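Each chain, written out:
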Amino acid sequence: MRRLLIILTGILVPMLAAAQAQIDTKKVKISDFTQKITKVVLHGNDFYDAILKEEIALRWRISPYEFCTLEEFETLKTDNQYYFLITTLGQFKKETAPGIQFLSLVKGGKGAKKSVGNMMEVISLPYASVEYPSGRELVFLPALLDIIQEHTLKSMESDFDGYLGMSKYTRNMQNAQDMKIVFFEDEINKSVDRVMRASDERFVMADEDEADQYLIDNTPGTLVSYMVAPAEPVNGSYCYKLLINAETHELYFFRRHRISEKYGVGFLPEDFDYIIKNGEKDK
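Residues numbered from 1 in each chain as written. Predicted model: local features only at pLDDT ≥ 70, side-chain atom pairs only at ≥ 80, totals over all residues. Heavy atoms only, no water.

## Structural notes on the sheet that holds strand E4 (residues 100–107)
Turning to step 1, where the next piece is worked out: The sheet built from 5 strands is open, its strands ordered E2-E1-E3-E4-E5 with mixed pairing. Edge positions in the sheet fall to strand E2 (65–68) and strand E5 (120–129), since each of these pairs with one other strand and no more. The sheet shows a mean angle of 25° between the axes of neighbouring strands, direction not considered.
Turning to step 2, where the next piece is worked out: The pairing of E4 with E5 spans 8 bridges and is antiparallel. Its bridge partner lying in E5, Leu 105 is registered against Ile 123.
Turning to step 3, where the next piece is worked out: Against the sheet, helix H3 (residues 46–59) engages strand E1 (37–41), E2, strand E3 (82–90), E4 and E5, with an angle of about 175° to E2.
Turning to step 4, where the next piece is worked out: Running over the sheet, helix H5 (residues 136–157) touches E3, E4 and E5 and is turned about 165° from E5. (Pairing = 2+ DSSP bridges. Helix = DSSP H or I, 4+ residues; strand = E, 2+ residues; numbered from the N terminus. Axes fitted to C-alpha atoms, helices over the stretch in contact; angles between N-to-C directions. Contact = heavy atoms within 4.5 Å.)

Right, dumping it as structure tokens:
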């Protein structure tokens, strides 16, 4: 009998441990997302809030939603019956002040008593500079909302997608062999010379209005660049670089690099190398 109990214990303990591990995964923690209300937190800026309300009404499809003020967020943030779509500020180790705004989808919970950073994060996307937003963030807001929703659904299905983060989408460049790739010229690092800029027939260099128009028109077969960095970066700040499908709003490229004396803001030569190599027809 004692031997039987030992055997049963040896079987049940690993099973219970496995069950506990499953309960603790991100996939399980956000499994209730589509049944819970997402509170979209407004800024108090009438112009921005009007645009956010319009785009949410047009695009938010994966959960019921309501709008709330920052004051209401402070009251509700510890309630795990709600998710929150909120603009957060990112400050990295060597920065004296936050330099980048993120669009963050987080779950309410006790961790919010300390800070938003302690809340369960579903996804955070770089959105704009804190101090001097360029205005492009409003053009890209529809695409960013679609990316947030698509990533959330994938994270509900797979812990691999939930934990790996946004960099995994860069592998989509292998499917961009026949796509036009439009770069806003000011988002290209100065170290990328003319030869490299012209080294791939897919590349199009454009000014801001031209680049944005591809996205506004939902141009098929086209990727458009979007870069987010602090307005006044310091060594240790980060620069985020995205390529987004203008028609479907799928994310094809997501990389960041630490800004230093050697590496300033913008798409770097190594980014161009990666894009070119993954566009080779014989792959």
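## Some details on the packing of aromatic side chains
Pairs of aromatic rings are described using the distance from one ring centre to the other and the angle between the two planes.
Turning to step 1, where the next piece is worked out: Taken as a whole and assessed by the stated rule, the structure comprises 15 aromatic pairs.
Turning to step 2, where the next piece is worked out: Relative to Phe 84, the ring of Tyr 82 lies with its centre 6.3 Å away and its plane at 50°, an arrangement referred to as tilted. Both residues of the pair, Tyr 82 and Phe 84, count as buried.
Turning to step 3, where the next piece is worked out: Plain terms: the ring middles of Phe 102 and Tyr 240 are 5.7 Å apart, the flat faces sit at 90° to each other, and that makes the pair edge-to-face. Of the two residues, Phe 102 sits in strand E4 while Tyr 240 sits in strand E9 (residues 238–245), which places them 138 residues apart along the sequence.
Turning to step 4, where the next piece is worked out: A relative accessible area of 10% places Phe 102 in the buried class. (Phe/Tyr/Trp six-rings, centres within 6.5 Å; stacked < 30°, edge-to-face > 60°. Buried < 20%, exposed > 50% of the residue type's maximum accessible area, 1.4 Å probe, protein only.)

## Some words on the layout of surface pockets
Gaps left between atoms show up when a probe the size of a water molecule is rolled over them.
Turning to step 1, where the next piece is worked out: In this model, the largest pocket occupies a volume close to 470 Å³.
Turning to step 2, where the next piece is worked out: Taken together, 23 residues form the lining of the largest pocket, with Phe 102, Ser 104, Glu 121, Ile 123 and Ser 124 sitting closest to its centre.
Turning to step 3, where the next piece is worked out: Among the secondary structure elements, those contributing two or more residues to the lining of the largest pocket are E3, E4, E5 and strand E10 (251–258).
Turning to step 4, where the next piece is worked out: Here the element with the most residues in the lining of the largest pocket is E5; it accounts for 5 residues.
Turning to step 5, where the next piece is worked out: Among the residues making up the lining of the largest pocket, the classes are represented as 12 nonpolar, 8 polar and 3 charged.
Turning to step 6, where the next piece is worked out: By volume, the second largest pocket amounts to about 280 Å³.
Turning to step 7, where the next piece is worked out: Residue lining of the second largest pocket: 20 residues in total, with Ser 134, Glu 187, Met 227, Val 228 and Ala 229 positioned closest to the centre. (1 Å grid on protein atoms, 1.4 Å probe; cavity = no way out; pocket = protein on both sides within 12 Å on 5 of 7 lines; lining within 4 Å. Points joined across faces, edges and corners; volume = space filled by probe spheres on them. Nonpolar A, V, L, I, M, F, W, Y, C, P; charged D, E, K, R; others polar.)

## Let's talk about the nonpolar core
Within soluble globular proteins, side chains that are nonpolar generally end up buried alongside one another.
Turning to step 1, where the next piece is worked out: The biggest cluster of nonpolar side chains holds 47 residues, and the ones touching the most others in it are Leu 144 and Tyr 240.
Turning to step 2, where the next piece is worked out: Here the element with the most residues in this core is H5; it accounts for 8 residues.
Turning to step 3, where the next piece is worked out: The contact partners of Leu 144, leaving out residues within four places of it in the chain, are Leu 103, Leu 125, Pro 126, Tyr 127, Tyr 226, Leu 242 and Ile 244. (Core = buried A, V, L, I, M, F, W, Y, C linked by side-chain atoms within 4.5 Å.)

## Remarks on the sheet that holds strand E8 (residues 222–228)
Turning to step 1, where the next piece is worked out: Taken together, 5 strands build an open sheet; the order of strands is E7-E6-E8-E9-E10 and the sheet is mixed. Lying at the two open borders of the sheet, with one neighbouring strand each, are strand E7 (203–206) and E10. Strand-to-strand, the axes of this sheet are offset by a mean angle of 20°, without reference to chain direction.
Turning to step 2, where the next piece is worked out: Both E9 and E10 contribute to a ladder of 7 bridges, which runs antiparallel.

## Comments concerning unusual backbone geometry
Turning to step 1, where the next piece is worked out: Residue Asn 218 is not a glycine yet carries a positive backbone phi of 50°.
Turning to step 2, where the next piece is worked out: Relative to the assigned elements, Asn 218 resides in the loop between helix H8 (208–216) and E8.
Turning to step 3, where the next piece is worked out: Look at His 249: it is not a glycine, yet its phi comes out positive at around 65°.
Turning to step 4, where the next piece is worked out: Topologically, His 249 is positioned in the loop between E9 and E10.
Turning to step 5, where the next piece is worked out: You can call His 249 buried: its relative accessible area is 7%.

## So, the packing of H5 against H8
Turning to step 1, where the next piece is worked out: Orientation of H5 relative to H8, taken along the N-to-C sense of each, is 20°, at an axis distance of 10 Å. When the axis of H5 is compared with that of H8, the two are roughly parallel. Of the two possible hands of crossing, H5 and H8 adopt the one that is left-handed. Of the residues in H8, those touching H5 at Arg 136, Val 139 and Phe 140 are Glu 208, Ala 211, Asp 212, Leu 215 and Ile 216.
Turning to step 2, where the next piece is worked out: Its residues placed into classes, the contact of H5 with H8 shows 5 nonpolar, no polar and 3 charged. (Parallel < 35°, antiparallel > 145°, perpendicular 65-115°, else oblique. Left-handed = near helix turned anticlockwise from the far one by under 90°.)

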